[in-house]
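Now for the letters of each chain:
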Amino acid sequence: MSTDDAMERPSVLFVCLGNICRSPLAEAALVEVARDRGLDVRVASAGTGDWHIGHPADRRARAIAAEHGVDIGGHRARQVTPEDFYRFSDIVALDRQNFADLEAMRPPGAPASLSMLLDHVPGREGQPVADPYHGGASDFATTWADVVAGARGLVERLVQRAGSSAKRASGT
């Protein structure tokens with residue numbers, strides 16, 4: 001996908017540490033929310049770390065997604081790259097450390113917008129989505145609730161941005 005394509009159609013990359021828990025859940029949540037809202041968006045996820053590359057989502061992440069009617073069984077972890085800042089219109093970190101790591105790897109002048117997921121939830125700006133990896137089912141349920149809330153807020157921002165772009169393009 002070219003930079004122009006990424007900027008015309010919203011495209012979101014969610015990033016956490018290993019790309020097996022939070023970011024695949026955020027990816028799944030955004031797909032669902034965008035579909036319900038009628039927004040055409042390309043969504044993917046990645047991790048800043050490389051130790052889970054090629055692995056499926058954590059079984060507990062798959063379970064909580066399935067509880068909500070979402071199948072993430074086909075997900076395979078990958079690592080974020082500097083090129084992603086040109087391939088996606090929005091790169092969304094799941095916590096402060098991943099945000100800092102993304103800022104450090106961001107190429108100068110790269111067009112992608114960088115934010116944290118809960119920045120899109122009023123009153124939760126700057127808060128991380130808690131990493132459920134060392135927890136149990138209730139931790140994954142909390143993560144699911146957070147990523148759905150973040151996805152809803154992000155979709156509204158993308159819809160507003162698309163409306164602004166359409167108005168600029170038509171000259172109104």
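Note that this is a predicted model, so its numbers are computed, not measured.

Further remarks concern the sheet that holds strand S3 (residues 90–93). Read across the sheet, 4 strands follow the order S2-S1-S3-S4 without closing on themselves; strand pairing throughout is parallel. Each end of this open sheet is capped by a strand with a single partner; those strands are strand S2 (42–47) and strand S4 (113–116). Adjacent strand axes in the sheet meet at a mean angle of 20° when their direction is disregarded. Sheet topology places strand S1 (residues 11–16) next to S2; 6 bridges connect them, and they run parallel. Residue pairing across strands places Ser-11 opposite Arg-42, the latter belonging to S2. Its contacts with the sheet place helix H5 (residues 96–105) against S1, S3 and S4, and it is angled at close to 165° to S4.

What follows covers the side chain of Arg-60. In this structure, Arg-60 sits in helix H3 (residues 59–67). Here Tyr-133 takes part through its backbone oxygen, which lies 2.8 Å from a polar atom of the side chain of Arg-60. From its side chain, Arg-60 meets the backbone oxygen of Gly-135 in a polar contact 2.7 Å long. Residues within four places of Arg-60 in sequence aside, it is in contact with Pro-132, Tyr-133, Gly-135 and Phe-140.

On inspection of all chains with the given rule, the structure shows 0 aromatic pairs. Here Arg-42 stacks its cationic end above the ring of Phe-88, 4.4 Å away from the centre of that ring. Over the ring of Tyr-133 we find Arg-60; its NZ or CZ atom is 5.7 Å from the centre of that ring.

Basis of the calculations
Residues numbered from 1 in each chain as written. Predicted model: local features only at pLDDT ≥ 70, side-chain atom pairs only at ≥ 80, totals over all residues. Heavy atoms only, no water. Pairing = 2+ DSSP bridges. Helix = DSSP H or I, 4+ residues; strand = E, 2+ residues; numbered from the N terminus. Axes fitted to C-alpha atoms, helices over the stretch in contact; angles between N-to-C directions. Contact = heavy atoms within 4.5 Å. Polar contact = N/O pair within 3.5 Å; in protein donor to acceptor, adjacent residues only side chain to side chain. Phe/Tyr/Trp six-rings, centres within 6.5 Å; stacked < 30°, edge-to-face > 60°. Lys NZ or Arg CZ within 6 Å of the ring centre and 35° of its normal.

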